[in-house]
Amino acid sequence: MTITTSLSPRSLSAPESGIVEVVNYARGREGVIPLWVGEGDLATPDFISRAAASALVAGETFYTWQRGIPPLREALVRYYRRRFQNVLSPENFYVTGSGMQAIKLAIEAVTSPGDEVVLLTPAWPNFAAAAEISGARPVSVPLHFEHGKWQLDLDRLDAAIGEKTRALFINTPSNPTGWTATQDDLKAILTLARKHGLWIIADEIYALYYYAGGRAPSFLDIMDDDDRILFVNSFSKNWSMTGWRVGWIVAPPAMGQVLENLIQYSTSGVAQFMQRGAVVALDEGDSFVDENIAKAALSRDLLCDALIATNRVETLKPDGALYAFLKIDGVTDSRQAAIDIVDKTGVGLAPGTAFGEGGSLFMRACFLRDPAQVAEAAQRLSRYILSR
């Protein structure tokens, strides 16, 4: 018996990230325009970093509240009142070590081994993998794609719900497709969840990246107090804090001790000095977030207009999130195409094979970058596409 064969089946079944595979292939190459991962090109702004650094120097390095420091949970209350027009309590908020941990803890809170979780695909691959590692089975429901637009088939979603289903995972605006649920979509999904007694795990990390203006529709707009919904979110995208690994869960206060216990036995909480930076991000970062959104909107238009103009790319400008999900004529193996594109153009894209059922013929490009750099990437990709 080898070292690896003696490991647990669940650990061995954890898949390699198809996104990271391409990143590792070309990491460090000079001149590469990295549109492959979901982050912008700006470092965390100084006013956030200074708050964390000051707290670190001041000695805020001890064990802290498992649920998050009170000032951060209170800042989240203010943020939701401002951005979501929703009045919540500090007891609704639980600070986690990233949005990814928020997802993992949400799965662990509402499923048991052998249960099923239904998700809309193409989807960010980490949710399905986290479900499998937790012992649950992800069940894919592909969005419908036609004429460059993604749509939800509610009948297909309903048909995927079975006796073992315990939760629906709904990411809107969507990574990678940009599909954004209307309020009617959300009402229909919530009706299904109520009918079948299911939890909803709502990933609304891109809620502010909504190009019709304002923010995207949220389950918070339509839910009742007794609905079974867990919201997972992160500081990564809005405030350019991807490397900080700080996120949060919005949950019913009755779950407080359960979530505190799950945090205790995974990370035992987020470093207090990092949380001090997060407080300042929420309270003083609105203008920075708005600048990020405006930059994303401009770069979205530059990238999509150029690629659509080739007449060899099937896509529309996404309604939300940070990604163009591109169907390029002649691409039948997006993994190999991603390798070929980075070799020949110096543009890093994520292969659609990484995003589950319905994504294999597509490529994902993250456009939260300097518009001039995105325009250069669009030119390189257009030349590549037209030369095929």
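Residue indices follow the written sequence of each chain, beginning from 1 at its first position. Note on the predicted model: pLDDT of at least 70 is required for a residue's local features to be given, and 80 or more for side-chain atom pairs to be given and counted; whole-chain, interface and lining totals, by contrast, use all residues. Water and hydrogen atoms play no part in the side-chain values, which are based on all heavy atoms of the structure.

As annotated in an unreviewed UniProt entry, the protein chain carries the name Aminotransferase and is attributed to Sinorhizobium garamanticum. UniProt's Cofactor (unreviewed entry) comment on the protein chain is quoted here verbatim: "pyridoxal 5'-phosphate". UniProt positions are given in the numbering used here, feature names are shortened, and annotations may be inferred rather than shown by experiment.

A. Spatial organisation of the side chain of Thr 345. With respect to the helices and strands, the residue Thr 345 is situated in helix H12 (residues 334-345). Here's how the labels work: a residue is buried when its accessible area is under 20% of the maximum for its type, exposed when over 50%, partly exposed in between, all with a 1.4 Å probe on protein chains only. For Thr 345, a relative accessible area of 11% corresponds to the buried category. Polar contacts here mean pairs of N or O atoms no more than 3.5 Å apart (in protein, one a potential hydrogen donor and the other a potential acceptor; neighbouring residues in sequence count only if both atoms are side-chain atoms). Reaching out from Thr 345, the side chain makes a polar contact with the backbone oxygen of Ile 341 at a distance of 2.6 Å. We call two residues in contact when some of their heavy atoms are within 4.5 Å. Once you skip the residues sitting within four places of it in the chain, Thr 345 turns out to touch Arg 380, Leu 381 and Tyr 384. Helix and strand assignments follow DSSP, with helices taken as H or I runs no shorter than four residues and strands as E runs no shorter than two, numbered in order from the N terminus.

B. Region of interest: the packing of aromatic side chains. Two aromatic rings, drawn from Phe, Tyr or Trp (for Trp, its six-membered ring), form a pair once their centres lie within 6.5 Å of each other, and the interplanar angle then sorts them: stacked below 30 degrees, edge-to-face above 60, tilted otherwise. Per the counting criterion, the structure on display carries 18 aromatic pairs. Judged by centre distance (4.9 Å) and plane angle (90 degrees), the rings of Phe 145 and Phe 362 are edge-to-face. Note that Phe 145 is positioned in strand S5 (residues 144-146) and Phe 362 in strand S15 (residues 362-366), a separation of 217 residues in sequence. The two residues Phe 145 and Phe 362 agree in class, both being buried.

C. Region of interest: the packing of helix H4 (residues 70-83) against helix H10 (residues 272-284). Lines are fitted to the C-alpha atoms to define the axes, a helix being fitted only along its stretch in contact, and any angle between axes, read from their N-to-C directions, falls within 0 to 180 degrees. Running from N to C, H4 and H10 cross one another at 20 degrees; their axes reach a closest spacing of 9 Å. Relative to H10, the element H4 is oriented roughly parallel. Pair H4 / H10 crosses with left-handed handedness. Side by side, H4 and H10 meet where Pro 71, Leu 72, Ala 75, Leu 76, Arg 78, Tyr 79 and Arg 82 of the first sit next to Gln 275, Arg 276, Ala 278, Val 279, Leu 282 and Asp 283 of the second. Basically, the charged four are Asp, Glu, Lys and Arg, the nonpolar ten are Ala, Val, Leu, Ile, Met, Phe, Trp, Tyr, Cys and Pro, and anything else, Gly included, counts as polar. Grouping the amino acids of the contact of H4 with H10 by side-chain chemistry returns eight nonpolar, one polar and four charged. Relative orientations are named as follows: roughly parallel for angles under 35 degrees, roughly antiparallel for angles over 145 degrees, roughly perpendicular for angles from 65 to 115 degrees, and oblique for any other angle. Crossing handedness: left-handed means the near helix sits turned counterclockwise from the far one by under a right angle, and right-handed means the same turn made clockwise.

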